[in-house]
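# Understanding the architecture of this molecule
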Amino acid sequence: MIVGSIAGIGAGLAAIGAGIGIGNIGGKAMEGMARQPEAASKIQTAMLIAAAFVEAVALFAVVVAFLGTGQVN
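Sequence order as written defines the numbering, with residues in each chain counted from 1. Two thresholds apply to this predicted model, a pLDDT of at least 70 for residue-level local features and 80 or more for giving and counting side-chain atom pairs, whereas whole-chain, interface and lining totals are computed over all residues. The basis for the side-chain values is all heavy atoms of the structure; hydrogens and waters are excluded.

The protein chain has the name ATP synthase subunit c in an unreviewed UniProt entry, where Daejeonella rubra is given as its organism. UniProt positions are given in the numbering used here, feature names are shortened, and annotations may be inferred rather than shown by experiment. Under Sequence similarities (unreviewed entry), UniProt gives the following word-for-word description of the protein chain: "Belongs to the ATPase C chain family."

Helix and strand assignments come from DSSP, with helices taken as H or I runs of at least 4 residues and strands as E runs of at least 2, each series counted from the N terminus. Scanning the protein chain for helices and strands turns up two helices and zero strands. Accessibility here uses a 1.4 Å probe with only protein chains present; expressed as a share of the type maximum, an area under 20% marks a residue as buried, one over 50% as exposed, and anything in between as partly exposed. For the protein chain, the proportion of its 73 residues judged to be buried stands at 16%. Pairs at least 24 residues apart make up 71% of the contacts formed inside the protein chain by residues separated by at least 6 positions. All accessibility values rest on the Shrake-Rupley procedure with a 1.4 Å probe; residue burial counts only the protein chains present in the view. Accessible surface computed for the protein chain: about 5200 Å², of which carbon and sulfur atoms make up 72%. We call two residues contacting when some pair of their heavy atoms lies within 4.5 Å.

This part takes up the UniProt feature "transmembrane region" (unreviewed entry) in the protein chain. Per the UniProt record, the feature "transmembrane region" (unreviewed entry) sits at residues 6–25 and 46–67. Within the segment residues 6–25, helix and strand shares are 100% and 0% respectively, and the terminal C-alpha atoms sit 28 Å apart.

Note on placement: alanine 11 falls in helix α1 (residues 2–35). We classify alanine 11 as buried; its relative accessible area is 11%. Note: C-alpha distance between alanine 11 and alanine 65 (54 residues apart in sequence) is 6.0 Å. Aside from chain neighbours lying at most four places away, what touches alanine 11 is Val62, Ala65 and Phe66.

Next up on the list: the environment of alanine 52. Within the fold, alanine 52 resides in helix α2 (residues 40–67). Between the C-alpha atom of alanine 52 and that of isoleucine 22, which follows or precedes it by 30 residues, the distance is 8.9 Å.

By definition, no residue in a patch forms a salt bridge, and every one has over 30% relative accessible area; like charges are joined within 9 Å, nonpolar side chains (Val, Leu, Ile, Met, Phe, Trp, Tyr) within 5 Å. Whenever a carboxyl oxygen of Asp or Glu lies within 4 Å of a side-chain nitrogen of Lys or Arg, that contact is scored as a salt bridge. A cluster of nonpolar side chains, Ile9, Leu13, Ile16 and Ile20, forms an exposed patch at the surface whose accessible area comes to about 430 Å². Relative to the helices and strands, leucine 13 is located in helix α1.

Assignment of secondary structure puts isoleucine 20 in helix α1. The class for isoleucine 20 is exposed, based on a relative accessible area of 52%. Taking C-alpha positions, isoleucine 20 is 9.9 Å from valine 54, a pair spaced 34 residues apart along the chain.

Take a look at the structure:
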């Protein structure tokens, strides 16, 4: 019972971490595009790739958290 609660907390922390990470990526990308509008397409491409990696790590963390409960086979 306690393990399930800990897994839920771990999944929540992974989601919060992903939200913070993607927010930072987006914010810094907007700053970069504002400073150098001619590089906007390169910055946007790099931003999307970085956001995808952050999201993949967060999904992996959620899966590991739920696998730790023994509920998922």
